[in-house]
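Here are the chains, one letter per residue:
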Amino acid sequence: MITRTLTALLAFALLTGGCAPTAAPASASAVSSTEVPAAVSPTQAPAIAAARPTAAPTASPSATPEPPAEPALPPEVAVQAPALIPSAEGDLAGAGAWDRYTIIAALSPGELSVRGTVTLDMVNRYGVDLDQIYFHLYPNHPDFGGRLDVTSATVNGAQVHSGTQHGDTLLHLDLPAPLAPGESARVVLGFTARTPRGASDETFGAYNFEAGVWSMANFYPILARHTADIGWDTRPIVSRGDFTVSSVALYDVTIDAPNGWALLSTGVTISDGPVNEQVHRQRFVSGPQREFYLGALQGLAQAEAVVDGTRIVSYYQAKNPRAGQEGLAVAERSLRAFNQRYGSYPLAELEVVQSALTQFLGMEYPGVVLIEQKLYTEGGRGLETTIAHEIAHQWWYSQVGNDAQGEAWLDEGLASYSQVVYYEATGEPEKAAAELQFFRNTFRNARAAGRDAPLSSSPAQLSGGRYYPVIYAKGPLFFQALRDQLGEQGFDAFIHAYYSAFRYQDIVGDDLLRVAQDSCGCDLTQLYDDWVRTAAPVAIP
Ligand SMILES: [Zn+2]
């Protein structure tokens, strides 16, 4: 992210974000209007057939042999298929590696609250007994200016003791008996989230209602990561850069909302129907995604297009129709460019939303990017560059996941370098060169002022004005240096291999080094040491 001070200085500086909006109802809701969402258990969630329609039988039998039948997916996984483009539906065969969230909640716009339950079906994949389970409660960080309160907690049907730390941003559940490796658990948490209103000049605009967008980023408890070296991720949140550190999961989310609010979320809508005269119930599936974004819109216009099987929707204020259409066109070009340069975006929807972010220019969530509203009226390249950057995060953050609070350079460096890639793909080499020159100037000035640092530095370590130039300027320059060393074909092979190997995974910098070396059959340790592990006086490419 970029602070307000920095945005004043750096017109094109950017940040991160991702999610999905309203879609045509797939079928009428199967839930009776007398049911309250919070009372519906995950297994009772609206049982709507969501599978993509199979091809109608052809009139004449085919002469080619039938392909062997694929093993049937369990219904709770098969229901996720509409969130993926058809060519990526096979990715669901890997669902055994992902936990599943079922969220059932109701919106109360009058008090800007979301109340409901989240059910997490998780497996201990960590090789050690678990005595506790940890969740992030991001909205309790002061930057959010709101609350997320957990009102009940059970594990496998039994109430458990819980507690919080780090200013209520970290929740732990104490298990009555250790959860052994390979064992599964069903965690059910009741929660209430509340966002502020009109607060983007003071707090995090992605958790706020303003300018027709009620943005509820991080509105539910999200499972912390557990790694072999440190165990549960219990670090306090650092308010520099992106907050969310989580692993890919499958989300099945049912939301009751008053009529007149258009819901926007990660993934796709698979059903939408009336609960009563005032309220409708909408159900979403995410596909494999790192988190679930939810927003509710009032009064925004929209335009949409399809690129390579992905539906893109641009939501914009009705007074900015030209910029709203331009936002859609940029998103189309971005998706086309990155599909070709990195590998296919596997998800069926992507939304771009004009939002009141105020203190930063853009924010990525899986399947949804939020773009600061002023960029729609200022003209120039800010809107285009910001949208390209945030959409690149769909590859670098949403798909290939890194520790944003530890190695922010991995996703921010590549998302920023994608600004160069984007303008190369649109046939505007002079703009690509200008992006690169901006990175050079920013890093050169920072280094001259003593603000260089290893790329591997965590955001917490990058105080004193070093975060922006190191992560957003030195970061993309590393990828240019790597490209210079590998050559065009070599870099192309590396970036495809990197995306292909680590899609849906959590990675660290050494994984990038390993794939780069494997793809070129060369030794890159000197380059990597100079840029990433140390602050050697590198030659600026
Ligand atoms: Zn970013």
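Scroll up a little and you will see the structure.
Remember, predicted model here, so these are calculated numbers, not experimental data.

### Some details on the overall build of the protein chain
Item 1. Regarding its fold elements, the protein chain presents 10 helices and 24 strands.
Item 2. Residues classed as buried in the protein chain amount to 59% of the 541 residues present.
Item 3. Excluding contacts between residues fewer than 6 apart, the proportion of contacts in the protein chain whose partners are at least 24 apart in sequence is 72%.
Item 4. When the accessible area of the protein chain is evaluated, it comes to approximately 20000 Å², of which 53% is carbon and sulfur surface.

### Here we look at the environment of Y417
Item 1. Among the secondary structure elements, Y417 is positioned in helix α6 (residues 408-425).
Item 2. Residue class for Y417 comes out buried when judged on its relative accessible area of 0%.
Item 3. Sequence separation between Y417 and Y472 is 55 residues, and the spatial gap between their C-alpha atoms is 8.7 Å.
Item 4. Once you skip the residues sitting within four places of it in the chain, Y417 turns out to touch L436, P476, F479, Q480, R483 and F491.
Item 5. A polar contact is formed between the side chain of Y417 and the side chain of R483, at a distance of 2.8 Å.

### Describing the side chain of E435
Item 1. Relative to the elements of secondary structure, E435 occurs in helix α7 (residues 429-448).
Item 2. In terms of polar contacts, E435 uses its side chain to reach the side chain of R381, at 3.2 Å.
Item 3. A polar contact is formed between the side chain of E435 and the side chain of Q419, at a distance of 2.7 Å.
Item 4. Setting aside chain neighbours within four positions, we find E435 in contact with R381, T385, Q419, V420 and Y423.

### Some remarks on α6
Item 1. Compared with an ideal rise of 1.5 Å per residue, which puts 18 residues at 26 Å, α6 spans 25 Å between its outermost C-alpha atoms and is within 8% of the ideal.
Item 2. Taking the largest bend as the criterion, α6 deviates by roughly 25°, centred on Q419.
Item 3. α6 sits mainly inside the fold: 16 of its 18 residues count as buried.
Item 4. Where α6 ends, the next residue or the one after it, G427, has phi of about 75°, a positive value.

The rules behind these values
- Per chain, the residues get numbers from 1 upward, laid out in the order the sequence is written.
- Residue-level local features of this predicted model are given only where pLDDT is at least 70; pairs of side-chain atoms are given and counted only at 80 or more, and the full residue set underlies all totals for whole chains, interfaces and linings.
- Just so you know, side-chain values use all the structure's heavy atoms and leave hydrogens and water out.
- Helix and strand labels come from DSSP, where a helix needs a run of H or I of at least four residues and a strand needs a run of E of at least two; each type is numbered from the N terminus.
- When accessible area is computed with a 1.4 Å probe and restricted to protein chains, residues below 20% of their type maximum are described as buried, those above 50% as exposed, and intermediate ones as partly exposed.
- We call two residues in contact whenever any of their non-hydrogen atoms come within 4.5 Å of each other.
- Accessible surface is estimated by sampling points in the Shrake-Rupley manner with a 1.4 Å probe; for residues, cover comes only from the protein chains shown.
- Whenever a nitrogen or oxygen atom comes within 3.5 Å of another N or O atom, the pair is scored as a polar contact, on the condition that within protein one atom can donate a hydrogen and the other can accept it, and that pairs from neighbouring residues in sequence are kept only if both atoms are in side chains.
- Every helix has an expected span of 1.5 Å times one less than the residues it contains.
- One axis is fitted to the seven residues ending at the residue and one to the seven starting there. The bend at that residue is the angle between these axes.

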